[in-house]
Amino acid sequence: MSRGIRVRWLGRQPYEPIYQQMRAFTAERHAGTDDEIWLLEHEPVFTQGRVGDAAHLLNPGDIPVVHSNRGGQATYHGPGQLMVYTLVDLRRHNLGVRTLVDGLEGAVIDALATDGITAQRHDGAPGVYVGDAKLASLGLRVERFRSYHGLAINVAMDLEPFTRINPCGYQGLVMTQSSTLGGAATLPDMARQLLPALSARLDVQWATNWSAPEFWT
């Protein structure tokens, strides 16, 4: 059995330092480095993928734009959105990139189902949707079989900034969130539903007692 994945709760963080920490963690890790899942929320920021088209940034206004090396186009991160960063050695857990993507999306679908919310994937458009509205976005970077970046799950946030861009490169794409649909209304609640689902989908174990109350302080 592969080693467990360590889960860390980082609270609210600006995007740029976390992005650089993910890159450094991935570049410096070695055979003895534990895999990690970072859970957090960001200060307001638009991020642009490595091949993103600036035309999708319609009117950023006072929200900063940061260019990153993940896949995908422009998206928004802000308070009330659960970030799930997957710093994982894929070979250690016998995972392919497609398997990881399917597992992340499937875990969100499973987590929402516990609240009676029916969600699904859309062919050719990564992420998780409820009807035609997008609830979770996904963007990864894999270097030497080591992944980073990950999921952004809308829980209880101000969705207005998404109207300032074409989310994920799709004009007029409507965004939604779990709290609006009667699901999880806090980040810890969403994480408590997501982590067991993710463990089951990827067939991995957690090295952290993430369910302990002190984990969320």
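Up top is the structure.
A few points on the structure.

Each value, and the rule that gives it
Residues numbered from 1 in each chain as written. Predicted model: local features only at pLDDT ≥ 70, side-chain atom pairs only at ≥ 80, totals over all residues. Heavy atoms only, no water. Pairing = 2+ DSSP bridges. Helix = DSSP H or I, 4+ residues; strand = E, 2+ residues; numbered from the N terminus. Axes fitted to C-alpha atoms, helices over the stretch in contact; angles between N-to-C directions. Contact = heavy atoms within 4.5 Å. Phe/Tyr/Trp six-rings, centres within 6.5 Å; stacked < 30°, edge-to-face > 60°. Buried < 20%, exposed > 50% of the residue type's maximum accessible area, 1.4 Å probe, protein only. Right-handed = clockwise from strand over helix to strand, strands pointing away.

Strand order in this open sheet of three strands is 4-3-5, and the pairing throughout is mixed. Two strands lie at the open edges of the sheet, namely strand 4 (65–67) and strand 5 (75–77), each paired on one side alone. Mean inter-strand twist for the sheet, computed between neighbouring axes without regard to direction, equals 35 degrees. Looking at chain direction, strand 3 (residues 45–48) and strand 5 are connected through three bridges and run antiparallel. Within strand 5, the residue paired with T47 across the bridge is T75. Most of the contacts of helix 1 (residues 15–28) go to strand 4, to which it runs at about 10 degrees, and overall it touches strand 3, strand 4 and strand 5.

With that settled, the discussion passes to the packing of aromatic side chains. The tally for this structure, following the rule as stated, stands at four aromatic pairs. A ring pair is formed by Y15 and Y19, whose centres lie 5.8 Å apart and whose planes are at 20 degrees; its orientation type is stacked. Of this pair, Y15 and Y19 both sit in helix 1, separated by four residues, roughly a single helical turn. Summarising the burial analysis for this pair, Y15 and Y19 share the class buried. On the basis of an interplanar angle of 85 degrees and a centroid distance of 5.5 Å, the ring pair of Y76 and F162 is categorised as edge-to-face. Note that Y76 is positioned in strand 5 and F162 in the loop between strand 10 (146–154) and helix 3 (187–202), a separation of 86 residues in sequence. Like Y76, the residue F162 is buried in the burial classification.

Moving on, we get to the pairing of strand 1 (residues 6–13). As judged from the seven bridges shared by strand 1 and strand 2 (residues 36–42), these two strands associate in the parallel manner. Note that in strand 2 the partner of W9 across the bridge is L39. Of the crossover connections in this fold, the one passing from strand 1 over helix 1 to the parallel strand 2 is right-handed.

All quantities given are derived from atomic positions and should not be read as evidence of function.
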